[in-house]
Amino acid sequence: MNFDLSHEKLFTYLLILCSIIISFGGVVRTHKTTYRACAVGRLNMAAAAAVVFRRNLFPLKLGQKACALHSSCALRDADPLPQASFFPPNDATMLPPGSFSDKVAFVTGGGTGLGRAMTQGLSQLGATCVIASRKLEVLQKTAEEITAQTGNKVFPVACDVRDPAAVAQCLDQMEKLTGLPDVVINNAAGNFVSPSEKLSPNGWKTIVDIVLNGTAFVTLELGKRLIRQDKGASFLAITTIYAESGSGFVVPSASAKAGVEALYKSLAAEWGRYGLRFNIIQPGPIRTKGAFSRLDPTGAFEKSMIGRIPVGRLGTPNEIKNLALYMSSHYATWMSGAVVRLDGGEYVSMAGEFNDLRKVSKQQWDLIEAMIRQTKGS
Ligand SMILES: CCCCC/C=C\CC/C=C/C=C/C(=O)SCCNC(=O)CCNC(=O)[C@H](O)C(C)(C)COP(=O)(O)OP(=O)(O)OC[C@H]1O[C@@H](n2cnc3c(N)ncnc32)[C@H](O)[C@@H]1OP(=O)(O)O
Ligand SMILES: NC(=O)C1=CN([C@@H]2O[C@H](COP(=O)(O)OP(=O)(O)OC[C@H]3O[C@@H](n4cnc5c(N)ncnc54)[C@H](OP(=O)(O)O)[C@@H]3O)[C@@H](O)[C@H]2O)C=CC1
């Protein structure tokens, strides 16, 4: 067997080993002060390991080395590319005030990240909102903050979307509070990066249950109730760009998100006759704590990810908010079965066979062109 242990790799393995030993120490010691010291040690070790891991994947320039060894720099956000200055995000709410007056909106996962941003936008434009997820405290805090800001009521309802009985109870509660919704946003999700050979059956099931079954339970239960009351509504699902392409290392999420897209396109065809519209947004990478802590915990991949986005930066929650508000509004009543990608061009940039030729310099192009021209007549 060929063991290729460079100094840096050896150092990484040693750091990881140390952090495991120190973590173990933290568990067995019971004295409070010692435990705290160990906890700090563990965090520093983890941060140092993250830095070295990142350096191995993306070697740093000399000037950056001092920063890389300082733990506070370990998870620093990657910078946008120069062209991003052409494409500044506009976070202002796009639709006119009152666009959702007298409307009720139901947002799963509305307490955090993109769900929170969409709820804030709906509320700002006049909607009464109900937000649902597992953590009631998180929902309550978001609901209070948004209500205070917009003056429109946001109701928090605890609900694990994996459990159909809990979904039915949550919707009962909603009916009592606000009546059935005009706008439904299926945004709740679970995800983590993992080599597929490490996935347990329960790891697979957990993601598929939240993303596909959760969306189906909410959508079918709400759909049946809306049909019974002869009430129209707009349904929106938040998937992702790899729902279309598939992606290694997030296989349960890719499979479940593809299922959600099939569900929404199918229902768009079947339930239009009941006044129900179904649309999908596929976001590219957007910094949220929930996504980045599970998809890029070391911070190693962000820079290369930004490098392949033609617009040169990550998206913002408010950019998703504005598109979601439009698609859920009365301006978009002719839109159903649509899949809208919002990703700064990342998907097409990854798909095109020759797109890496962006790295070719002007001089190299002159050379390449001359070589191709020489083939004339051959
Ligand atoms: C450069 C930056 C990249 C960022 C963006 C990039 C690209 C753009 C495309 C992005 C798409 C994003 C899609 C998203 O969905 S982001 C949303 C992320 N948010 C969340 O996940 C929030 C909710 N998540 C959770 O609550 C947990 O993380 C959860 C999903 C694991 C569920 O929690 P819980 O129900 O408590 O489950 P557990 O009991 O903890 O675990 C269940 C089961 O899974 C196994 N497991 C958990 N974590 C891992 C792991 N990291 N690796 C392997 N397996 C794991 C766990 O062991 C359990 O299985 P058992 O067999 O042991 O029982
Ligand atoms: N950020 C990004 O780069 C991208 C995100 N997306 C999608 O955007 C959506 C929002 O993600 P984002 O805001 O980034 O991440 P978050 O982690 O902040 O959002 C996920 C939400 O889902 C809720 N949730 C998780 N499990 C359940 C459950 N079993 N029942 C009910 N609610 C649940 C969580 O609340 P709680 O823990 O209280 O249950 C949380 O509010 C997701 O669909 C994600 O797939 C798509 C592409 C890119």
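Predicted, not measured: the structure shown is a model, and the values here were computed from it.

Asks: Is there a simple way to think about the packing of helix H4 (residues 113–124) against helix H5 (residues 136–150) in this case?
Replies: If you want to describe how two helices pack, look at the angle between their axes and the distance between the axes. Interaxial distance between H4 and H5 falls to 10 Å at its minimum, and their mutual angle equals 30 degrees. In terms of their interaxial angle, H4 and H5 are classed as roughly parallel. At the point where H4 passes H5, the crossing takes the right-handed sense. Side by side, H4 and H5 meet where Arg 116, Thr 119, Gln 120, Ser 123 and Gln 124 of the first sit next to Thr 142, Glu 145, Ile 146, Gln 149 and Thr 150 of the second. Looking at the contact of H4 with H5 residue by residue, the class counts come to one nonpolar, seven polar and two charged.

Asks: What's the story with the confidence of the model for the protein chain in this structure? I'm lost.
Replies: Any region with low pLDDT has predicted coordinates that should not be read closely. Of the residues in the protein chain, 80% have a pLDDT of 70 or more, and the chain-wide mean is 86. Scored below 50 in pLDDT, residues 1–49 makes 32 contacts in the model with residues more than four places away or belonging to other chains. Of the regions scoring below 50 in pLDDT, residues 51–74 engages in 35 contacts with residues more than four places distant in sequence or in other chains. Interface confidence for the predicted complex, expressed as ipTM, amounts to 0.99; the pTM equals 0.88.

Asks: I tried to follow the site of ligand 1 on my own but got confused; where do I start?
Replies: For ligand 1, the set of nearby residues contains 23 residues, the closest of which are Arg 134, Asn 191, Ser 200, Asn 202 and Arg 294. Asn 202 is positioned such that a nitrogen or oxygen atom in its side chain is 2.9 Å from an oxygen atom of ligand 1. Here an oxygen atom of ligand 1 sits 2.7 Å away from a polar atom, N or O, in the side chain of Arg 294. Contact with the protein chains covers 67% of the free accessible surface of ligand 1, which is 1,300 Å². Put simply, the parts of the chain that give the shell around ligand 1 at least two residues each are helix H7 (201–229), helix H10 (289–295) and helix H11 (302–307). Per-class residue counts for the shell around ligand 1 are nine nonpolar, nine polar and five charged.

Definitions and limits used
Residues numbered from 1 in each chain as written. Chains lettered and ligands numbered in written order. Predicted model: local features only at pLDDT ≥ 70, side-chain atom pairs only at ≥ 80, totals over all residues. Heavy atoms only, no water. Axes fitted to C-alpha atoms, helices over the stretch in contact; angles between N-to-C directions. Helix = DSSP H or I, 4+ residues; strand = E, 2+ residues; numbered from the N terminus. Parallel < 35°, antiparallel > 145°, perpendicular 65-115°, else oblique. Left-handed = near helix turned anticlockwise from the far one by under 90°. Contact = heavy atoms within 4.5 Å. Nonpolar A, V, L, I, M, F, W, Y, C, P; charged D, E, K, R; others polar. pLDDT = per-residue confidence, 0-100. Near = heavy atom within 4 Å. Polar contact = N/O pair within 3.5 Å; in protein donor to acceptor, adjacent residues only side chain to side chain. Areas by Shrake-Rupley, 256 points an atom, 1.4 Å probe, with all protein chains shown as cover.

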